[in-house]
Each structure stands twice: as structure tokens, then as C-alpha cells.
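If you want the building blocks of each chain, they are given just below.
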Amino acid sequence: MLSPTATVFEFFLIPLAVLIIYHDVRYRRIPNPFVLATLISGLTLNFALGGFEGGLNSLGGCVLAFILMFSLHVFGAMGAGDVKLFAAIGSVIGAHLVLPTFVVVVLTGGLLALVSSLRSGVFRTTMHRVLQILIGLLPGWQMPKFSVPADRRLTVPYGAAITIGAIIAIAIFHA
């Protein structure tokens, strides 16, 4: 059974997820007004439900979520819209849920990428690039940079993984 606070957050995030998934799958873009509305709503909800401490937790969640996704963006694994979206969702879930949500989002995104690469026939190429990235993490090796494919259908709409992962994480981890 979800707590009343988790229910409020889920009630807010589910319609957002529908909008984000539609726009990210159809246009491969996450509109800034959706992100800004999420950020403002997250700060407002947490401040209203938790007072000053809730507002600080919300702000901390935003910053931590931004840092985590920006680190992936630097390696070319994430678009700027995905970074902004996860930061805005961080303001909704608060600092204490950012790390577990990040793990769920990465797992959800990995599953989405697997299905997407199998469906589009680029599984082998994708796995080769994953191996190159893992080797690039080793000391003394250089991280590869991959260009974004011209055919956007070969990219993963990670906004879907972020919103679905956040909904799952709130349902599992929110006390």
C-alpha cells in the first residue's frame, strides 16, 4: 500500500509519463515546458508537504539527479533533455530517492535499449559499443565517442525509461 505522499507523487507522475513517453517516442524530444512544470511542481509539492525541510530535500534531489545524469551526458550516453527531465524528477522524489530511482531508471533503460536494438536489428553493433564503453572505463583507455544516428528510430527514447523508472521506484522505495 502506498503512503499518502507516494500516492500524490504517483498521481502527478503518471500523466507526466504519458506525455513524456508520447513526445519522446514520436519526436525524440522532451518539451521544456513539461520539464519546467515538473520542476516547479516538485519543489512546490515537497515544500507544501514537508515544509522548509521538504523544500531542501526537493532541491537536493534536483541537484543530485542532475549530477548523475550529466555524468552520462558527458560520455554521450544521454541527451540534454534526459538530464533536465531526471533533474526535474529529482525535485519531485527528493534526494533520498534519487540513487534508488537512478538504479531503476538505468535498469529500465537497459531493458528498453535491449528491446529496441533487437527490434531494429542492431543488437550486435549495440553490444560491441557497450563493450567499447566498458573498456573505455578502464584506467589508461580512452572513452569512445559515438555520433547520434541520423535515423532517430535507432536511438532510445530514454525519457520513457526515466518516467517509468521513477514511477516504479516511488512504488517500491517511498516510505
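The model shown is predicted, which means the values in this text are computed figures rather than measured ones.

A. Highlighting the overall build of the chain. In terms of helices and strands, the chain carries six helices and zero strands. The C-alpha atoms of the chain give a radius of gyration of 17 Å, which matches the 16 Å a tight globule of 175 residues would have. Viewed in the frame of its principal axes, the chain has a C-alpha envelope of about 50 × 35 × 30 Å. Taken over 175 residues, the chain has a buried fraction of 36%. Once local pairs closer than 6 in sequence are excluded, the contacts in the chain between residues at least 24 apart make up 72%. Entry remark: accessible area of the chain is about 10,100 Å², with carbon and sulfur atoms responsible for 72%. Of the side chains in the chain, 10 bear a positive and 5 a negative charge, and the two mean positions are spaced by 15 Å.

B. Layout of helix α1 (residues 4-27). Spanning 24 residues, α1 covers 35 Å between terminal C-alpha atoms, matching the ideal 34 Å at 1.5 Å per step. Buried within α1 we find A6, F9, E10, L13, L16, A17, I20 and D24. Residues of α1 that are buried in the fold lie against α2 (32-74), α3 (80-93) and α6 (158-173).

C. Layout of the packing of aromatic side chains. In this structure the tally under the stated criterion is three aromatic pairs. With 6.2 Å between their ring centres and 85° between their planes, Y22 and Y27 make a pair best called edge-to-face. When its relative accessible area of 45% is taken as the criterion, Y22 is described as partly exposed. Taking the centre distance of 6.1 Å and the plane angle of 55° together, the rings of F86 and F102 count as tilted. One end of the pair, F86, is in helix α3; the other, F102, is in helix α4 (residues 95-120), with 16 residues separating them in the sequence. Exposure class is identical for F86 and F102. Each is buried.

D. Looking closely at the packing of α1 against α2. Two elements in contact, α1 and α2, have axes whose closest approach is 12 Å; the angle formed by their N-to-C orientations is 180°. Here α1 lies roughly antiparallel to α2, going by the angle between them. Residues T5, V8, F9, F12, L16, L19, I20 and H23 of α1 form the contact with α2, whose participating residues are F34, A37, T38, S41, L45, N46 and L49.

E. Representation of the packing of α3 against α6. At a closest axis distance of 10 Å, the pairing of α3 and α6 adopts a crossing angle of 15°. In terms of orientation, α3 lies roughly parallel with respect to α6. Helix-helix and strand crossings are classified by hand; for α3 and α6 the assignment is right-handed. Along its contact with α3, which presents D82, L85, F86, I89 and I93, the element α6 presents Y158, G159, I162, T163, A166 and I170. Of the residues in the contact of α3 with α6, the class split is eight nonpolar, two polar and one charged.

F. Layout of the nonpolar core. Of all hydrophobic cores here, the largest spans 29 residues; its most connected members are L13, M69, L85, F86, I89, Y158 and I162. Every element with two or more residues in this core is listed here: α1, α2, α3, α4 and α6. When residues in this core are grouped by element, the largest group, seven residues, is from α3. Leaving out residues up to four positions away in the same chain, I162 has contacts with M69, D82, L85, F86, I89 and V105.

The rules we used
- Residues numbered from 1 in each chain as written.
- Predicted model: local features only at pLDDT ≥ 70, side-chain atom pairs only at ≥ 80, totals over all residues.
- Heavy atoms only, no water.
- Helix = DSSP H or I, 4+ residues; strand = E, 2+ residues; numbered from the N terminus.
- Rg over C-alpha atoms; globule rule 2.2 N^0.38 Å.
- Buried < 20%, exposed > 50% of the residue type's maximum accessible area, 1.4 Å probe, protein only.
- Contact = heavy atoms within 4.5 Å.
- Areas by Shrake-Rupley, 256 points an atom, 1.4 Å probe, with all protein chains shown as cover.
- Lys, Arg positive; Asp, Glu negative; His and termini not counted.
- Charge placed at Lys NZ, Arg CZ, Asp CG, Glu CD.
- Expected span 1.5 Å × (residues − 1).
- Phe/Tyr/Trp six-rings, centres within 6.5 Å; stacked < 30°, edge-to-face > 60°.
- Axes fitted to C-alpha atoms, helices over the stretch in contact; angles between N-to-C directions.
- Parallel < 35°, antiparallel > 145°, perpendicular 65-115°, else oblique.
- Left-handed = near helix turned anticlockwise from the far one by under 90°.
- Nonpolar A, V, L, I, M, F, W, Y, C, P; charged D, E, K, R; others polar.
- Core = buried A, V, L, I, M, F, W, Y, C linked by side-chain atoms within 4.5 Å.

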